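Structural overview for review
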Amino acid sequence: MSVAASSTRSVVRFGRTPKITRHLRKNRMTQLPIPHVNILMREFAPCRLEDHYYSTLQDNAMYMTYVHESGPRPPPRSVRLTYDPTDPYTKNRYNPPVGGSQLGKKPPPPSSPENAIRLEKISIHSMLKDAISSRSNLLGLIMAMRALTGESYKAGGRHAVDGIQIVRGKKSVGGWIRPGIPVGVKVDLKGPAMYDFLGTLVEFVLPRLRDFPGVIMPPSSSSVNSPSSVSGVVSFGLPPSAMGFFPQIEVNLDAYPKPYGMHIHFVTNATGLGAQNRARALVSGFQIPFVRK
Amino acid sequence: MLSRNPLASCRLSTNVSLHVFHRTLATETVTELSSSSIPVPSIRTKRPPRAHISAAVILNRSPIVTRTPTLFERAYYAYQARIRRSLHNPFPFDFYFKQGSLLETRFNMEEKKRERRAFGPNFGRDDEFVSKEKAAADKAAADQLALQEGEVEDFMPRVHTADTIRDLHSLDRKGKRNIYLLLLTNAQGKVMWRFPQGDVEKGELLHQAAQRDLHAECGSFMDTWIVSRNPIGVYKPAPLESLSEEAEKITFFFKAHIMAGQVKLDGTSIKDFAWLTKQEIEARVQKDYWDGVKDVLSDY
């Protein structure tokens, strides 16, 4: 191809689709052709919030949470195990350390550009009490979640995308729940879908909520070793009244049987002591407000 | 897709600052030891003067407009969007639109346009036949709807007038880039560009000194935020041979963001200011100053 021809040709317009000459096998259930190559869908548009993260937030989060350490860390203190691992009798037994779990006592990994804090996924879930009496009540919630997130099972040929998942009861609690019955839905968002949801949330929903000062943080006297404060997850809930503020739902709010609330978890890669504080610092960079009661 | 250089380099520069401290401390202890261990100290080694520390602020305005994708990125995104369009689940029209409503008509027309853009101008032409009168009526109705909803307004331009008239004072210039505040100073008859900086008072913390010095040099008519208490870079001018007895000068840099307002000079030692990108800064500052700060500035 000559230089002139390549410079005049548009890169975003396409001609007619090629005729399919090869015989393609058909899916027996759906009667749709199965492509002979594995088609995988990747990002199809630049992502504004992701750009914001890499141009501003990542640097800021690193500077704010940087802890200086002179030299490499000493090797971790060896913790005595309950059973002797060299004893063939107890060799494969679960061997917990004496003194309990060290989960809440581990220091964060050393500050470095590689483990600067980042948002890994947003997890949304919602439980519907009416679904216990009749599982068909879940359909409205599933439809709302599909409209909110745009996710579906193995979407874009990605086997790791689970789409909208049904949550089933685990225990039998008298008069409330039985094991195995569908009671709610959950969605895990990653990549551009995650940033799209986050952008919609902070620009359309949170500013229009009544009496919403921000995500309420626990008092400063609360434990720093609890599993929630060392796991790097920021969680909060939205009331059912907030669902109507999502523009995807707002266009036909009356198509849904009722408004649904949801729990939202921002999962970051922060671990160790103070992980939740670092996660809050990152999430507030995406303009989620926080208040202390 | 953006460079992650600033982070990688940040670690380097903080290591440099660490190194500096270690060296000065070590030399001090060595001199004291030698003076005490030698029985008759004929010549007392002179203690080196205390280093002169100042705090500087790299005041940043983050990008306010999205980046323009490169030709390759545009081609890539268009191709992926085409795959997405051909593989997506069928859109539930009857769930979102009332049958035969104006909104549905408009959506169908727009959708047809998007499909022809992706799959060629003749895509779907054979499937359905729409009479000319019907098509014209649909188009008129859609135009009427757009007019009612005020959708005919144009977008804001992506290039600001500050760019076209090359106004270096404007905070609206170079909207797609990170820009930084640089001051033109006149110190001892030497005119040079540098970041806002100042001395540290006794008992004052470095980041507090940085905030105070920023307001002292650039006025208090701006709303700024010092990102971190940790310095993000350090600069030491190369010592001159003749003045080796003089105190060492160390400048620590702090990152800050400007939220609102603008610089207002009081017109004494500082002659001018400019909001500049990384490449524009390189052309203005001295070589060794540039080597000290280039890694903490964003390439884009």
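Definitions and limits used
Residues numbered from 1 in each chain as written. Chains lettered and ligands numbered in written order. Predicted model: local features only at pLDDT ≥ 70, side-chain atom pairs only at ≥ 80, totals over all residues. Heavy atoms only, no water. Helix = DSSP H or I, 4+ residues; strand = E, 2+ residues; numbered from the N terminus. Buried < 20%, exposed > 50% of the residue type's maximum accessible area, 1.4 Å probe, protein only. Contact = heavy atoms within 4.5 Å. Areas by Shrake-Rupley, 256 points an atom, 1.4 Å probe, with all protein chains shown as cover. Phe/Tyr/Trp six-rings, centres within 6.5 Å; stacked < 30°, edge-to-face > 60°. Lys NZ or Arg CZ within 6 Å of the ring centre and 35° of its normal. Pairing = 2+ DSSP bridges. pLDDT = per-residue confidence, 0-100. Buried area = accessible area lost by both parts, 1.4 Å probe. Salt bridge = Lys/Arg side-chain N within 4 Å of Asp/Glu carboxyl O. Polar contact = N/O pair within 3.5 Å; in protein donor to acceptor, adjacent residues only side chain to side chain.

Let us now look at the overall build of chain A. Check the secondary structure of chain A and you find 7 helices and 7 strands. For chain A, the N- to C-terminal ordering of α and β elements is α-α-β-α-α-β-β-α-β-β-α-β-α-β. Put simply, chain A has 293 residues, and 35% of those count as buried. When contacts within chain A are restricted to residue pairs at least 6 apart in sequence, those whose partners lie at least 24 apart make up 68%. Summed over all atoms, the accessible surface of chain A reaches about 18,200 Å², with 56% contributed by carbon and sulfur.

Before going further, it helps to examine the packing of aromatic side chains. Applying the stated rule across the entire model yields 19 aromatic pairs over all chains. Ring geometry for B:Phe119 versus B:Phe123: centroids 4.9 Å apart, planes at 45°, classification tilted. Given the relative accessible area of 10%, B:Phe119 is considered buried. Ring geometry for B:Phe195 against B:Phe253: centres 6.0 Å apart, planes inclined by 80°, an arrangement best described as edge-to-face. Of the two residues, B:Phe195 sits in the loop between strand S3 (190-194) and strand S4 (197-199) while B:Phe253 sits in strand S7 (residues 249-261), which places them 58 residues apart along the sequence. Accessibility expressed as a relative area gives 0% for B:Phe253, which makes it buried. Site record: aromatic cluster; members linked through ring pairs are A:Tyr256, B:Phe91, B:Phe93, B:Phe95, B:Tyr96, B:Phe97 and B:Phe107. Its end group placed over the ring of B:Tyr300, B:Arg67 keeps NZ or CZ at 5.8 Å from the ring centre. Geometry around B:Tyr300 places B:Arg177 over its ring, the cationic atom sitting 5.3 Å from the centre.

Attention shifts here to the pairing of strand S8 (residues 270-276) of chain B. Residue and element names in this part refer to chain B. A large share of S8 lies buried, amounting to 5 of its 7 residues. Across 6 bridges, the pairing between strand S2 (residues 179-187) and S8 is antiparallel. The residue bridging Leu182 from the neighbouring strand is Ala274, located in S8.

Across chain B, the average pLDDT comes to 82, with 81% of residues at 70 or higher. Of the regions scoring below 50 in pLDDT, residues 1-38 of chain B engages in 52 contacts with residues more than four places distant in sequence or in other chains.

Another point: unusual backbone geometry. Despite not being glycine, A:Asp211 shows a phi value in the positive range, around 50°. With respect to the helices and strands, the residue A:Asp211 is situated in the loop between helix H5 (191-205) and strand S4 (215-217). By relative accessible area, which is 77% here, A:Asp211 ends up exposed. Phi is positive for B:Lys174, close to 50°, though the residue is something other than glycine. Relative to the helices and strands, B:Lys174 resides in the loop between helix H6 (161-164) and S2. Overall, the relative accessible area of 32% leaves B:Lys174 in the partly exposed class.

Quick look at the interface of chain B and chain A now. If you look at the interface, chain B gives 43 residues, while chain A gives 41 residues. Carbon and sulfur atoms make up 62% of the surface buried where chain B meets chain A, a total of about 4,000 Å² over both sides. At the surface where chain B touches chain A, the tally comes to 1 salt bridge. Ionic pairing is found between B:Arg67 and A:Asp51, a salt bridge with its closest N-O pair at 3.9 Å. The interface formed by chain B and chain A includes 7 residue pairs in polar contact (both at pLDDT 80 or more). Residue assignment for the side of chain B that touches chain A shows that the elements contributing at least two residues are helix H1 (5-37), helix H2 (71-87), helix H3 (93-96), helix H4 (102-119) and S7 of chain B.

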